[in-house]
Structures are given as C-alpha cells and as structure tokens.
Protein chains: 2
Amino acid sequence: MSATVRDLGEQELLKIFRQYCSDVVGDDAAAMGSTLPDRQMVVTTDMLVDGVHFSDRTTSPEDVGWRAAAVNLSDLAAMGAQPWGLVMSVGLPPDTEIAWIESVYRGFSECLRTYGTELVGGDTVRSPVRTLAVTAFGQVAKHQLIQRHTARVGDTIVMTGLHGLSKAGLELLLNEQLEEKLLVPIKIGDQVLLGKQLIKAISRYHQRPVPRFDAINLLDKIFQQQNHLSDFVVSGMDSSDGLADAIAQICRASNVGAKIYWDKLPVPEVVEILAGDRALDWVLYGGEDFELVLCMHFELAEQFVQQLSSAVIIGEIIEGNQIDGLEMRSAFQHFANKD
Amino acid sequence: MSATVRDLGEQELLKIFRQYCSDVVGDDAAAMGSTLPDRQMVVTTDMLVDGVHFSDRTTSPEDVGWRAAAVNLSDLAAMGAQPWGLVMSVGLPPDTEIAWIESVYRGFSECLRTYGTELVGGDTVRSPVRTLAVTAFGQVAKHQLIQRHTARVGDTIVMTGLHGLSKAGLELLLNEQLEEKLLVPIKIGDQVLLGKQLIKAISRYHQRPVPRFDAINLLDKIFQQQNHLSDFVVSGMDSSDGLADAIAQICRASNVGAKIYWDKLPVPEVVEILAGDRALDWVLYGGEDFELVLCMHFELAEQFVQQLSSAVIIGEIIEGNQIDGLEMRSAFQHFANKD
C-alpha cells in the first residue's frame, strides 16, 4: 500500500514540500528578494478550511474573515515587516449563503483597515468545502528582518503578551458550562470584567487575534533612537502554534538551548480558573495567541518591556540544545487529531 | 430564504468581492505599488479544486502541478511582467497518497524552472478536498504594464497562438472514441504527427499550457530597439476563459468595440476534424489556451507577428461597444454547469 498524508504527518510532509522550495522557507514568512536596495520583501500564505480551521460553532463569519487576515498579518509582524497588501482566494459550495461570504469579507477588511493595509486581488471558485487562501506581502528594512535561526547565546527571550487566553476563549465557546466557573470579577487587559462582558472579552482572544505591529513599531522606534545597528539583531517568530512550539523552533533553527524563568512566566488568572491543574499546559501549548516570541540583547529587551506594558521577559538563550523543563512536542499536528 | 452563491453566479459574486478590494482589481493580476521607482509589482492568485479544476481522469498529478504554476504565470505574462516567485498552499485529505502530492510538486517545479522562477513559500493543511492555492508575483517596467482598460480605437488585435487546441485536448482525454477521427497525419506546431504521437501532442495542449513569456520578451525587445515610449501602449489579457471572453473583456474595460477579421481567424485543422460544425465555437469559447490577446498600434503589431511565428492579427478596435458577430457570452461560468 502507498504511504498517505496521514501516515507521514505534517512535519514529514513539509520536508517533502521544502525539497521543491527555494531555501528561504522556515520562518513565518519567506524573505524574497529586494524591492528598494535596503528593503526586503516578505510574503506569507495560509489556507483556512471549514471544519478544520474555523467552524460556525465557535466563529462568526466576520471573525473568520478577521482571523484569516490577522493570522497572515501576524506572520509579517513576526518577520519585523510592515504590511503592503493581501490577496485572498475563496472556494465556496454553490449553496453558501451570500450573507456568509459578505460577512467574511467585512471582517477581513476590518482587520486590514485596522492595520493600514488593503486587499489587492483574489479569486472566487467553486469548491465542495468553504476554503480561504490568503497571501500577505510586507516590506522590512534588511537589517530589521526578524528570523528564527539567528538567536545567540546570551539573548533575552521576550514575549509580547499573555499566552493561554486564545485557548481559554475557544474552550468557553465550545463548552458553555465553563461559564459557571467565571462568577467573580477578573482583570482582562486593563479592565476588571464580570458576567457576559467577561465571557465576551475572553472569547475575543480566540475570535479576534491581534497581529503585534505595535511591538514591531516599538522596536523600530528604539532602534531609531539608539542607532546601534549591530545591537539590532532580533530573532523570533509568532506563537501561532503555541509558546512552547515557538521557543522550540527558535532553538532548533538557531542551534541553541533556552532557560525559561518559570517563576516569571505569567499564567493569566482566567486560565488558572478554567484550566485548573492544566493551566501551564494551556499557556505553553494552547496555541493561537499570535504573540511574538523574540530573542534580543538584554539591554534592548529591558527597554522593550519598559515601553510595551504587555511584554514580559521569560528566559534566556543558552548553549546546548535543551529547553529546561519544556516538553518538546508540537501543540498541534494538523494531520493528527487534536488532543 | 437567503440568496446563495448558486443564485448569484460568479460575476455578481465578484462584484461583492470588489467592494472590499482596492481599485486595482480587474486585470489578470493586480498591480500593487512600486518596488524600484520605475518598476511595478504585480500579483495574481488562483485556487484549484479537485473535481472542479482538475481531475485524475484527465490530468496526471505532474500536470496538475504544471497547470497550477502555468495558469498563474500566464496571468503575470498577461500583465507584461516577469516572474519573481510563487507561493503555494495545499489542502489535502489525510488519505491522499504521498506519491500524488510529490508528483504535483514535481510538475509545479518543472514549470517554474522552465520559466526561470521559484517557489518561495507555502502552507500544507488538512482539507476534505484536494485544493491548491497559488499566488505568483512579478515585476514589470511601469510603462510596459499591460492592462485591459487601455485599448484605443484603431489598435490592432493580435493573438499569440492558436485557439481551440486545449478544448480539443480535453475532449480527446474525456472521450477515447474521438481518436478514431484522427487517422490522417496532422500538422501540430512545426511537426506533422500521426497516431499515438498525434493524440499525445493534442492532449498536451490541455495538460501543459505554456505561459507566453516569449511574447512579452519579444515586446520588450521591439520596444528597446524602437525607443518610441509613447507607442508602447499594449493592452490585453490572457485567453484563459476563451478567446471570445478575452476580446469582450478588453472591449468592456476599454469602452470600445471590435471588428474581427473572420477570414483571418485560424481554425486549427485538428479542431475542424474533431469539432465539425462546432469548430468555431471551440476556437472562440473553448477556453484554457492561455494565449495572450493583445491590442497595439498597427506598426508594432506588424513587427510583432513577423517575429513571433505563432502570432496572428485577428481584428481591430473600433468605436462603439459591439463586437461584430461575437456572441458576448462568457465561455465558462464557474458556478453554473459547463455546457
């Protein structure tokens, strides 16, 4: 019998894909040649499939559109790039309600407007399953390109915001009974919320991920002030597949290890309440928080977390290939069952 | 009851899409801002779905890959652009044989190598239906950008090669009995072929479309020699949806009419044999020949057809909004049934 996609799994399948790909693959987006002499173009693409990546059960069509845009924009931010434009192809069964696809476009556009970019083209085709394929382009000054393979021993590891909240939102959307656990006021961001407002705010972490261009703009600002070109090696990626996965991938690509400051790794209160014993699992492996996990010189990291209130220093890059205490499993294998 | 995609049809659906899109949409690819000061970047995207755009019955996986690349590269050529790179997202059911997707990648890469470009990134996801989403980027000197809306009264209409052959290939692949009609030697391109070789050569028009970068390179060469910048307004598009559709779309976008030189419009011998009474229908509405339909100054057109042996002058742009004798129906409505 011939081997199937199920037999191989996603990682092996990607290896096959890479045999046919130029050697730029491996980061959140591909850096693909120069535009202006000191600028680099980056491009990223994602396919989202009904029943696999979104569901009417947990995600309104507006949110499907927002997520489709945000996931790709986050990949640009993860490369340090500013968005330049997006294209989207849509596959639709003939019985799809027009209202559904209009709402998807509306959510998609809303996200693009929020981050100052636009849809420049696309395709609409017939398909037995609702499918969105998005490609996003961005540009970055060459020396500000953020990649995974450049982390250096001694670098400080910073994350731009909390982890586990997207998972918390998803679990609430899938399981209404969990709401019973949320009877006390809880601080979400800068606000203390209760009841429906609290539920809505948590769900939103899953439904409306935020690409962290604010972090990229801050890095740019710090860099402009300092003018220390050589100190501006920032490595990293986004945490779309989980915080643990991001750290593991950076370490693997850079051939280094990491020490995590476990006592400084924040576990959001709502995650503690909802997940109980498994709270740390949600933080490490929950996925889809779309924060940035960045490695940089300690001085730069200190300035960064001072000016970005949500950012936290969570560890450092060390020699070796171990990550202390972190189970090196991928949080989500597309072709396997979810756990 | 709510309106569905089936109720609206493709054209109306595209109108909705365009409400959310920047105003560059309408050509084969989107022109999306400058790279170097005198260069324009163009981008195009297509989604290909198993059972809709390809089938194991007519297309080997290598050919599925080739076609996925060629269709997008043809859109770049139709804008006058040179390819810069492509990304491809692939959606696969878990029971897809690895050999199938490897063959798709192989065919895709072969096409990219042939036209001097490369795959720079992609995504692989689970989907209930085999789906390929390809995005291609290219660059073009700003004054050499080819668009649909710039055709001028008096322009000569040129096509870069024969039409109806892709349809002939498809019909042969779908209906083996048609082979009985091909018992005499027939000239295909520069060769006279017979038997299996003839069948294979015709099928290949369907399986392995050729993006016409040779035509774009020739236009560039003629332009370099002439240095008549103002004469180099070439309008047009590719004939992916049929020759008739291309002429109609150019006329509509440019608000002009067209006179077709019916006596000069070539009907390939093999199309005459296979289609009989319907031969002209195949030429006009067969689709998927991926030739370029270009409108340009008569002098430029004469030089062009002299140097590109496959190219033919087939008409001229006239005032009004009529195309003499051409039924203005679209050859292929994605959401309707094929005729």
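Provided above is the structure to which this section pertains.
Values in this document were obtained by computation on a predicted structure and should not be read as measured data.

Student: Can you lay out the packing of helix α6 (residues 213-226) of chain A against helix α10 (residues 298-307) of chain A for me, pointing to particular residues and giving the numbers?
Tutor: Residue and element names in this part refer to chain A. Across the interface, α6 lies against α10 with an axial gap of 10 Å and an inter-helix angle of 125 degrees. Taken together, the axes of α6 and α10 lie oblique to each other. As for how α6 packs across α10, the hand of that crossing is right-handed. Where α6 abuts α10, its residues Ala-215, Leu-218, Leu-219, Lys-221, Ile-222 and Gln-226 lie against Leu-300, Gln-303, Phe-304 and Gln-307. In terms of residue class, the contact of α6 with α10 is built from 6 nonpolar, 3 polar and 1 charged.

Student: Give a description of the packing of helix α2 (residues 61-77) of chain A against helix α3 (residues 98-114) of chain A that names residues and reports values.
Tutor: All names here are of chain A. Axis separation between α2 and α3 bottoms out at 6 Å; the angle between their running directions is 40 degrees. Relative to α3, the element α2 is oriented oblique. The way α2 lies across α3 gives a crossing that is right-handed. Touching Pro-61, Glu-62, Val-64, Gly-65, Trp-66, Ala-68, Ala-69, Ala-70 and Leu-73 of α2 are Trp-100, Ser-103, Val-104, Arg-106, Gly-107, Phe-108, Glu-110, Cys-111, Leu-112 and Thr-114, all from α3. Classifying every residue of the contact of α2 with α3 by side-chain character gives 12 nonpolar, 4 polar and 3 charged.

Student: Can you lay out the packing of aromatic side chains for me, pointing to particular residues and giving the numbers?
Tutor: Tallying each qualifying case throughout the model produces 7 aromatic pairs over all chains. Aromatic pair Phe137(A) and Phe137(B): ring centres 5.3 Å apart, planes at 85 degrees, arrangement edge-to-face. Separated into two different chains, Phe137(A) in strand β5 (residues 131-141) and Phe137(B) in strand β5 (residues 131-141) make up a pair that spans both. Taking 5.8 Å as the distance between ring centres and 45 degrees as the angle between the ring planes, the aromatic pair formed by Tyr115(B) and Phe213(B) counts as tilted. Residue Tyr115(B) is located in the loop between α3 (98-114) and β4 (119-126), and its partner Phe213(B) is located in helix α6 (residues 213-226); the two are separated by 98 residues in the primary sequence. Here the two residues Tyr115(B) and Phe213(B) agree in accessibility, since each one is buried. What links up through ring pairs into an aromatic cluster is the set Trp66(A), Tyr115(A) and Phe213(A). A cation over a ring is seen here: Arg130(A) above Trp100(A), with NZ or CZ 4.3 Å from the ring centre.

Calculation criteria
- Residues numbered from 1 in each chain as written.
- Chains lettered and ligands numbered in written order.
- Predicted model: local features only at pLDDT ≥ 70, side-chain atom pairs only at ≥ 80, totals over all residues.
- Heavy atoms only, no water.
- Axes fitted to C-alpha atoms, helices over the stretch in contact; angles between N-to-C directions.
- Helix = DSSP H or I, 4+ residues; strand = E, 2+ residues; numbered from the N terminus.
- Parallel < 35°, antiparallel > 145°, perpendicular 65-115°, else oblique.
- Left-handed = near helix turned anticlockwise from the far one by under 90°.
- Contact = heavy atoms within 4.5 Å.
- Nonpolar A, V, L, I, M, F, W, Y, C, P; charged D, E, K, R; others polar.
- Phe/Tyr/Trp six-rings, centres within 6.5 Å; stacked < 30°, edge-to-face > 60°.
- Buried < 20%, exposed > 50% of the residue type's maximum accessible area, 1.4 Å probe, protein only.
- Lys NZ or Arg CZ within 6 Å of the ring centre and 35° of its normal.

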